[in-house]
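Residue-level structural notes
For reference, the chains in residue letters:
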Amino acid sequence: MVVEFLLSGLVDASIILFGSIGLSLLYGVKKFANFAHGDLMTLGAYLALAVALNAHGDIILGLIASVVIMALVGIVLEVLIFSRLDGRGPIAPLIATVGLSFVLQNVVGFFFGGVNKIYPIRAVDNVVVGPFSINPVTDVIPLVAGFSSAVAILALLRFTKLGKAMRAMADNPELARTTGVNTRTVTFATWALASAFAAAGGVMLGVNQGLTITMGFQILLLLFSAVILGGIGSVPGSIVGALAIGFADALFFPFAIALNIPTTWYLTVPFGIMVIMLILRPSGLLGKPVGREERSFRAYVRDLAHQLRRAEE
């Protein structure tokens, strides 16, 4: 039974990957946490459904259209909202993302209704492979898509000019600007990539679990747990964090059943991991500490308080 939960954790991790990579990319360049990222996943999932229903059930076309449209949506959000909040500290854009989250939920609810939906995909029986029982649609597709996308984004960041510019801007925006990096273009590209990953993650989540208007909001804690564990702003860290959170979350269920713990407590696992990591190592497993002080929880709290005071000035 534990083996089946491990497989489930791997599938969950592949879905968390999409969202956590997008969050890390955006935080690295813009330096704020996007609390609307889960709802961007929801919007992407429903856009794919709308296209598929109008294309004779072609979910592949729906996925492609959703990724492209959401990339454009990300750029529009930067132009209309977040570029106007530059220089106002991390609090203003963070609050803006909270408001955006509620707007996106209501937009999706208005156009698609509150009834749960599923993609027009033909049901396929599970395939037994050794100790595993795998569904080619709900398990294999998210698994292959998630880890293929992770390899692709790592290659982009390491070997392409855009990826190197994104890394340079994440490390030191002013130095990147003075060395000739077009920071505006990089920012647009980052929003496009983050939103495209959100769309793909939303579609994979919909394939695996079905569609609801709160699906992205419900997975948001898992996304933040993954990026904080791995190191917010670090894409490799978000991949490691997604794997850890996916396995930890899935393994909670067999232990909960054995110990007679209510399975509704499953969110205590990612939340507990996130809190412990913030206390012991705020920079995460693969994050880059600014200095020794960053290992201190008190120093972390002092820095947050300083940012709040600056935002009030």
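Please refer to the structure placed before this passage.
Rules and cut-offs
- Residues numbered from 1 in each chain as written.
- Predicted model: local features only at pLDDT ≥ 70, side-chain atom pairs only at ≥ 80, totals over all residues.
- Heavy atoms only, no water.
- Salt bridge = Lys/Arg side-chain N within 4 Å of Asp/Glu carboxyl O.
- Helix = DSSP H or I, 4+ residues; strand = E, 2+ residues; numbered from the N terminus.
- Buried < 20%, exposed > 50% of the residue type's maximum accessible area, 1.4 Å probe, protein only.
- Core = buried A, V, L, I, M, F, W, Y, C linked by side-chain atoms within 4.5 Å.
- Contact = heavy atoms within 4.5 Å.

**With respect to the pattern of salt bridges**
For the structure on display, the rule yields three salt bridges. The closest approach of N and O atoms between Lys30 and Asp86, which form a salt bridge, is 2.9 Å. Here the residue Lys30 occupies a position in helix H1 (residues 2-30), and Asp86 occupies one in the loop between helix H3 (59-80) and helix H4 (91-112), the gap between them amounting to 56 residues. Of the residues examined, Lys30 reaches a relative accessible area of 14% and is grouped as buried. Given the relative accessible area of 48%, Asp86 is considered partly exposed. Between Glu174 and Arg177 there is a salt bridge whose closest N-O contact spans 2.9 Å. Here Glu174 pairs with Arg177, and both are found in helix H7 (residues 173-178), just three residues apart, close to one helical turn. On the basis of relative accessible area, Glu174 is assigned to the exposed category, the value being 51%. Overlapping salt bridges, with partners in common, bring together Lys30, Glu78 and Asp86 in one network.

**A look at the nonpolar core**
Core analysis: the largest hydrophobic core is formed by 68 residues, its most contacted members being Ile16, Ile21, Leu25, Tyr119, Ile153 and Ile219. If you tally residues by element for this core, the top one is helix H8 (residues 183-209), at 12 residues. In contact with Ile16, other than residues within four places in its own chain, are Ile219, Leu222, Leu223, Ala226, Ala242, Ile245 and Gly246.

Remember that the coordinates give geometry; whether it matters functionally is a separate question.
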